[in-house]
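Examination of the molecular architecture
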Amino acid sequence: FFFAMPTTHVLNSGSTNHRCVARPRPRPRPCRCLGRAFPFTGSGSRSPLLLLAAASSSSRGVRNSSPQQHVQRRSQKHNDGHLHDNNKVNGKIEEAGVRVNKAFRQTHSRREADALVASGRVHVNGTKPEPGTRLQPGDVVTLDGKRVAWERLEPTSKKRQTKETAASSKAASTPADVRQSMKKFVYIAYHKPKGVTCTTDQKDATNLLAALQRAGVEKKSKNQRLFPVGRLDKLSTGLLVVTSDGRVPNAVLAPDAKYQKQYVVKPHERVTDEHLRELRSGVIITTTAQRKGAKPLTAKTMPCQVDRRGDDLCFTLEEGRNRQIRRMLEALGYRTLALHRPSFAGLKLHGRTAAPGGWALLEGDELDVVAKWLK
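Residues numbered from 1 in each chain as written. Predicted model: local features only at pLDDT ≥ 70, side-chain atom pairs only at ≥ 80, totals over all residues. Heavy atoms only, no water.

**Here's the deal with the overall build of the protein chain**
Scanning the protein chain from terminus to terminus reveals 9 helices and 20 strands. Here the protein chain holds 375 residues, and the buried ones make up 34% of them. In the protein chain, the share of contacts with a sequence separation of at least 24, taken over all contacts with a separation of at least 6, comes to 60%. Of the roughly 24100 Å² of accessible surface on the protein chain, 50% is carried by carbon and sulfur atoms. (Helix = DSSP H or I, 4+ residues; strand = E, 2+ residues; numbered from the N terminus. Buried < 20%, exposed > 50% of the residue type's maximum accessible area, 1.4 Å probe, protein only. Contact = heavy atoms within 4.5 Å. Areas by Shrake-Rupley, 256 points an atom, 1.4 Å probe, with all protein chains shown as cover.)

Okay, here's the thing in structure tokens:
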């Protein structure tokens, strides 16, 4: 870039010197020579102006083309497919579809799925795939001759999801559509007994999946990966919803969902009326969310309903902080001897689920409750 400096003229008029500044000269045309000096040579100029060329357009590789030619080159790239066929994510070209091993992510780890493909037990459209084969919508995947419903998991990469795919992945708007989408999944009411930990980690001997397997749930699970909706601590009992539908935890446990959970609690001694009012209005407790890297939260609990049942208390909460009721009572000087959850977000224990360890598939009106969660 070049700058035209104003030139100074000195006019002698008698004994007084008059200095005036002339208008800046027009900007000179750029030079293609690097580092060459060009003085102004107009009349009245006392000192030269040094003009430096930062770099010639040819040395920078800039084409001398018109905007119309630039648009033509961009259009040519699109027509050739260089900018249209591939999506770039973080500078890398992402391929379409998903790897074949992801078809088994609900029942097998990634290494186990790779071993299935390598052993020849997996077929895609009737042929044995390679470990890096990518599935496209409509591909038929079988394991030992049995078809695998892989497309309901994630038919395409989330980063390549089109507007149509994103819209179709949302919960259906009508109850009939919601119930239709629920047919692919399993929904179970389980009466969690004392001593079972709400985790799917097989390293924990008291994990939930092992307890469900002993109860015979595996026969009705359709070989789908099951996980709990919410948690009950190891010493607590009560209703626990178990499902293979990943939409349910997000729908029920979201902060704005406000579904009610009921708990019957037995403190070590009778709670005073003053402390009962404090429990209803809120108690300051410190809790830590059950996820990696979560920081402790010290805050007052939300107002809740607390009623007496003899010496026991019945809590109705919309909040769901970790070990919340036990910590609320502990803050007021009470120990919790027993904690039981008879109802959860519109579902209740009854019939086959009345006894600890009992379970039943949700059906009828219970599935209507789940459908309301997913709306």
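Picking up where we left off.
**Structural notes on the nonpolar core**
Nonpolar side chains in soluble globular proteins generally cluster together in the buried interior. Counting residues in hydrophobic clusters, the biggest one holds 32 residues, and the most contacted among them are Tyr190, Leu279, Phe315 and Leu329. Only β10 (187–192), α5 (208–215), β12 (237–243), β13 (261–267), α7 (273–281), β17 (312–317) and α8 (324–331) provide two or more residues apiece to this core. The residues contacting Phe315, other than those within four sequence positions of it, are Lys261, Gln262, Tyr263, Val265, Leu279, Cys304, Gln305, Val306, Ile325, Met328 and Leu329. In this structure, Tyr187, Val229, Val241 and Val248 belong to the second largest nonpolar core, which totals 21 residues. (Core = buried A, V, L, I, M, F, W, Y, C linked by side-chain atoms within 4.5 Å.)

**What to know about the pattern of salt bridges**
Under the defined criterion, the tally for this structure stands at 7 salt bridges. A salt bridge links Asp368 to Arg179; its shortest N-O distance comes to 2.4 Å. In this pair, Asp368 sits in helix α9 (residues 365–374) while Arg179 sits in helix α4 (residues 175–182), placing the two residues 189 residues apart along the sequence. Given a relative accessible area of 30%, Arg179 falls into the partly exposed group. We note a salt bridge from Lys266 to Asp312, for which the minimum N-O separation is 3.9 Å. Within this pair, whereas Lys266 is found in strand β13, its partner Asp312 is found in strand β17, the two being separated by 46 residues in sequence. Residue classification places Lys266 among the partly exposed residues on the basis of a relative accessible area of 41%. (Salt bridge = Lys/Arg side-chain N within 4 Å of Asp/Glu carboxyl O.)

**Comments concerning the environment of Ala257**
Among the structural elements, Ala257 can be located in the loop between α6 (247–253) and β13. The spacing of Ala257 and Glu318 is 61 residues in sequence and 8.4 Å in space, taken between C-alpha atoms. If we ignore the near neighbours within four places in the chain, the residues touching Ala257 are Ala251 and Val252.

**Here we look at the packing of α4 against α9**
Two numbers describe how α4 lies on α9: the axes approach to 10 Å, and their chain directions differ by 105 degrees. Classified by the angle their axes make, α4 and α9 are roughly perpendicular. For the pair α4 and α9, contact is made by Val178, Arg179 and Met182 and by Leu367, Asp368, Val370, Ala371 and Leu374, respectively. Tallied by class, the residues present in the contact of α4 with α9 amount to 6 nonpolar, no polar and 2 charged. (Axes fitted to C-alpha atoms, helices over the stretch in contact; angles between N-to-C directions. Parallel < 35°, antiparallel > 145°, perpendicular 65-115°, else oblique. Nonpolar A, V, L, I, M, F, W, Y, C, P; charged D, E, K, R; others polar.)

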